Amino acid sequence: MIQDWPNATGEREESCMDNGLGRAIIAANRFGLGARPGELQEIAHDPKEWVLAQLEQPAPPDEALLGLPGSREYLDRFKQYRRERREARRQGEQAAVPKFGRRFNGDILAEIQLRARQQCGTASPVHERLVMFWSNHFTVSAEKPTVRLLAGAFEREAIRPNIDDDFASLLLSVEQHPAMLLYLDNVSSIGPGSRMGRRRNRRAAKGRGKPAGINENLAREAMELHSLGVDGGYSQQDVLELARALTGWRTRLQVPDSSKGRTLAPHGSVFQRRAHEPGSRKLLGQTFSQRHAAQGRTMLRYLADRSATAAHMATALARHYVADDPPSELVEHLAKTYRRHEGRLLPVYRALFTHELAWQESPRKFRRPDEYLIALHRALGQLPASQGPHWKRELRLLGQQAFRPGSPAGWGDSADDWIGADALWKRMLLAQRYAEHLPRARDPMELAQDSLGLTLQEATAVAISQSDHRQGAAIVLASPEFQWR
């Protein structure tokens, strides 16, 4: 069975696309996060309407998820922790203050588990998949302790409330968030010509400290990954100009509350005028003479309005939802919609979710580890525990660490990134483990019909019928059909 998985697409000899149940399985898996018990029959009445309705009125997030601390509170806790560590070192009692992992492990695990419960239990899986898509597009990877603490709050504060807005608002929310400023080192970017920069340079000339410098990381990723794309027609000079405009965008970790000239931004971000490089900027041939924080914000909005950004967003959406190599006709349709509606995202989603190329039976997308775990829980009608390390451990077993993709590019979005003999073997191990969770009153064939619908292959159905209850459930959850969406 394992050898068959990399080539499995779930295709059937006879198309079931004119059948409501056929489209229901596409709606639940391609646009949603996997079908819950009995859900395919509900969707089959009008699969497109089931998808579109979640754009207009998504169910609110779980109260427990919304009740987690925000970035401002996490930053205050971290500031207090740093003070305690400094005082302990001063007194030679470092062991008296626990290391970062021990102090904040409970907070980080709560972020992971409650996010998983939201994904597995949501009544609006189409909307939730959009949250996951944008969170990965604007990824922050939690290698740094502070980012590890803020990654969950970043998704709740910068991504979740803005995915139905225009792209420029989403882009601004993301780039100004403290998690992104810390992750891409913009907090250390100080204009050499700024008041702070000139002072630091004078001190450096006397051998006291390092000179001020501009960090290009945020500007580069804002253009290469977040907006224009790697082929977006910008130059190294454009990166430098945007980086200069973004100097002074920092967090309350770097800027004391008593500092003069600080402007508070949402969620614990701060604009510090003393660190901002003065002067006009030129980006992609356009001059920006705005002062202070307005300059960077205006330049980011300008990027959001470019045709290259429309093409990059269209390609990313089509690749995530439809095919590793998405149809050019669909990509161009989405890009035109983006431009026609001036970057408003709801029309782009509607254009994607109503286009016939997005509803074709094949090709299908291979599930990432988190998508597989979510679909597994939804198929069983179960939620992960609200506490503990379970989700973190199982994701890591499958090759995906929660909130830690390892690079600003985020998790890979094609089958080649995830298919491998070892990875598939571990999915089989989890399928066998979770097969024990299927109630005795629920038949494994019922599980197969509820989760796979008309994609259930004859060979899989025969194997289920010849197995006992637990093994039959494991066959469903480990089947080639279940690995694809």
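Residues numbered from 1 in each chain as written. Predicted model: local features only at pLDDT ≥ 70, side-chain atom pairs only at ≥ 80, totals over all residues. Heavy atoms only, no water.

A few points about the overall build of the chain
Inference 1: Within the chain one finds 24 helices and five strands.
Inference 2: Against the compact-globule benchmark of 23 Å for 485 residues, the chain has a radius of gyration of 24 Å, which places it among compact chains.
Inference 3: Judged by the C-alpha coordinates and their principal axes, the chain covers about 80 × 60 × 40 Å.
Inference 4: Counting over 485 residues, the chain shows a buried share of 54%.
Inference 5: Considering only contacts within the chain whose residues lie at least 6 apart along the sequence, 73% involve residues at least 24 apart.
Inference 6: Taken as a whole, the chain presents about 20700 Å² of accessible surface, with 47% of it coming from carbon and sulfur.
Inference 7: Between the mean site of the 69 positive side-chain charges and the mean site of the 58 negative ones, the chain shows a separation of 15 Å. (Helix = DSSP H or I, 4+ residues; strand = E, 2+ residues; numbered from the N terminus. Rg over C-alpha atoms; globule rule 2.2 N^0.38 Å. Buried < 20%, exposed > 50% of the residue type's maximum accessible area, 1.4 Å probe, protein only. Contact = heavy atoms within 4.5 Å. Areas by Shrake-Rupley, 256 points an atom, 1.4 Å probe, with all protein chains shown as cover. Lys, Arg positive; Asp, Glu negative; His and termini not counted. Charge placed at Lys NZ, Arg CZ, Asp CG, Glu CD.)

Describing the packing of aromatic side chains
Inference 1: As enumerated under the stated definition, the model contains 19 aromatic pairs in all.
Inference 2: Judged by centre distance (5.5 Å) and plane angle (75°), the ring pair of Tyr 81 and Phe 104 falls under edge-to-face. Of this pair, Tyr 81 sits in helix H5 (residues 71-90) while Phe 104 sits in helix H6 (residues 100-121), and the two are 23 residues apart along the sequence.
Inference 3: For Tyr 81, a relative accessible area of 6% gives the class buried.
Inference 4: A residue is classified by how much of its surface remains accessible, and Phe 104, at 3% relative accessible area, is buried.
Inference 5: Both rings, one in Tyr 321 and one in Phe 353, keep their centres 5.4 Å apart while their planes meet at 75°; by these two values the pair is edge-to-face. You can see Tyr 321 sitting in helix H15 (residues 307-321) and its partner Phe 353 sitting in helix H17 (residues 345-354), a full 32 residues away along the chain. Judged on exposure class, the residue Tyr 321 and its partner Phe 353 are both buried.
Inference 6: A network of ring pairs unites the aromatic residues Phe 133, Trp 134, Phe 138, Phe 167 and Tyr 338 as a single cluster. (Phe/Tyr/Trp six-rings, centres within 6.5 Å; stacked < 30°, edge-to-face > 60°.)

What about the sheet that holds strand E1 (residues 249-251)?
Inference 1: Overall, antiparallel pairing links the three strands, which are arranged E1-E3-E2 in an open sheet. Looking along the sheet, the strands with just one partner apiece sit at the ends: E1 and strand E2 (262-264). On average, each strand axis in the sheet is tilted by 40° relative to the strand beside it, whichever way the strands run.
Inference 2: Bridge count for E1 against strand E3 (residues 269-272) is three bridges, and the pairing is antiparallel. Bridge pairing in E3 links Arg 250 to Val 270. (Pairing = 2+ DSSP bridges. Axes fitted to C-alpha atoms, helices over the stretch in contact; angles between N-to-C directions.)

Describing the pattern of salt bridges
Any two side chains of opposite charge can pair if their charged atoms end up close together.
Inference 1: Within this structure, the stated rule accounts for 31 salt bridges.
Inference 2: The partner of Arg 23 in a salt bridge is Glu 356, and the shortest N-O contact between them spans 2.7 Å. Taken together, the residues span a long stretch of sequence, with Arg 23 in helix H1 (residues 20-31) and Glu 356 in the loop between H17 and helix H18 (369-380) at a distance of 333 residues.
Inference 3: Residue class for Arg 23 comes out buried when judged on its relative accessible area of 18%.
Inference 4: One salt-bridge network, held together by shared partners, links Asp 76, Lys 79, Arg 252, Asp 257 and Arg 262. (Salt bridge = Lys/Arg side-chain N within 4 Å of Asp/Glu carboxyl O.)

Some thoughts on the confidence of the model for the chain
Inference 1: Of the residues in the chain, 96% reach a pLDDT of 70 or more, and the chain-wide mean stands at 94.
Inference 2: A low-confidence stretch, residues 1-14 (pLDDT under 50), is modelled with 28 contacts involving residues beyond four sequence positions or located in other chains. (pLDDT = per-residue confidence, 0-100.)

Thoughts on the nonpolar core
Inference 1: In this structure, Trp 134, Phe 138 and Phe 167 are the most contacted members of the largest nonpolar core, which totals 130 residues.
Inference 2: For this core, the element with the most residues is helix H8 (residues 145-159), which contributes eight residues.
Inference 3: Beyond its immediate chain neighbours, meaning those up to four positions away, Phe 138 contacts Phe 154, Ile 159, Phe 167, Leu 170, Leu 171, Val 174, Met 180 and His 226.
Inference 4: By size, the runner-up hydrophobic cluster in this structure holds six residues, among which are Phe 366, Trp 411, Trp 418 and Trp 484. (Core = buried A, V, L, I, M, F, W, Y, C linked by side-chain atoms within 4.5 Å.)

Some points on the environment of Arg 427
Inference 1: Along the chain, Arg 427 turns up in helix H20 (residues 421-435).
Inference 2: Separated by 33 residues in the primary sequence, Arg 427 and Glu 394 place their C-alpha atoms 9.7 Å from one another.
Inference 3: Leaving out residues up to four positions away in the same chain, Arg 427 has contacts with Phe 366, Arg 367, Arg 368, Pro 369, Tyr 372, Leu 398, Trp 418 and Gln 483.
Inference 4: Within the structure, the side chain of Arg 427 is placed 2.7 Å from the backbone oxygen of Arg 367, a separation counted as a polar contact. (Polar contact = N/O pair within 3.5 Å; in protein donor to acceptor, adjacent residues only side chain to side chain.)

Describing a positive patch on the surface
Inference 1: Together, Arg 195, Arg 198, Arg 199, Arg 202, Arg 203, Lys 206, Arg 208 and Lys 260 give the surface a local cluster of positive charge.
Inference 2: On the secondary structure map, Arg 195 appears in helix H11 (residues 195-205). (Patch = residues over 30% accessible without salt bridge, like charges linked within 9 Å, V, L, I, M, F, W, Y side chains within 5 Å.)

Thoughts on the packing of H20 against helix H23 (residues 469-478)
Packed helix pairs are specified by the crossing angle of their axes together with the interaxial distance, meaning the distance between the axes.
Inference 1: Two numbers describe how H20 lies on H23: the axes approach to 8 Å, and their chain directions differ by 140°. When the axis of H20 is compared with that of H23, the two are oblique. Remark: the crossing between H20 and H23 carries right-handed chirality. Residues Met 428, Ala 431, Gln 432, Tyr 434 and Ala 435 of H20 lie in contact with H23, whose contacting residues are Arg 470, Ala 473, Ala 474, Leu 477 and Ala 478.
Inference 2: Considered class by class, the residues forming the contact of H20 with H23 number eight nonpolar, one polar and one charged. (Parallel < 35°, antiparallel > 145°, perpendicular 65-115°, else oblique. Left-handed = near helix turned anticlockwise from the far one by under 90°. Nonpolar A, V, L, I, M, F, W, Y, C, P; charged D, E, K, R; others polar.)

Regarding H1
Inference 1: Over its 12 residues, H1 extends 15 Å from the first C-alpha to the last, a length consistent with the 16 Å expected when each residue adds 1.5 Å.
Inference 2: In terms of residue burial, H1 counts as a mostly covered element, since 10 of its 12 residues are buried.
Inference 3: Within the span of H1, buried status applies to Gly 22, Arg 23, Ala 24, Ile 25, Ile 26, Ala 27, Ala 28, Asn 29, Arg 30 and Phe 31.
Inference 4: In this fold, the buried residues of H1 make contact with helix H2 (39-43), helix H3 (47-56), helix H7 (125-137), H15, H17 and helix H21 (444-452). (Expected span 1.5 Å × (residues − 1).)

What to know about the packing of H15 against helix H16 (residues 328-340)
Inference 1: As a packed pair, H15 and H16 sit with axes 8 Å apart at the nearest point and diverge in direction by 130°. Comparing the axis directions of H15 and H16 gives the class oblique. When you trace H15 past H16, the crossing you get is right-handed. Contacts between H15 and H16 involve Ser 307, Thr 309, Ala 310, Ala 311, Met 313, Ala 314, Thr 315, Leu 317 and Ala 318 from the former and Leu 330, Val 331, Leu 334, Ala 335, Tyr 338 and Arg 339 from the latter.
Inference 2: The residue inventory of the contact of H15 with H16, partitioned by class, reads 11 nonpolar, three polar and one charged.

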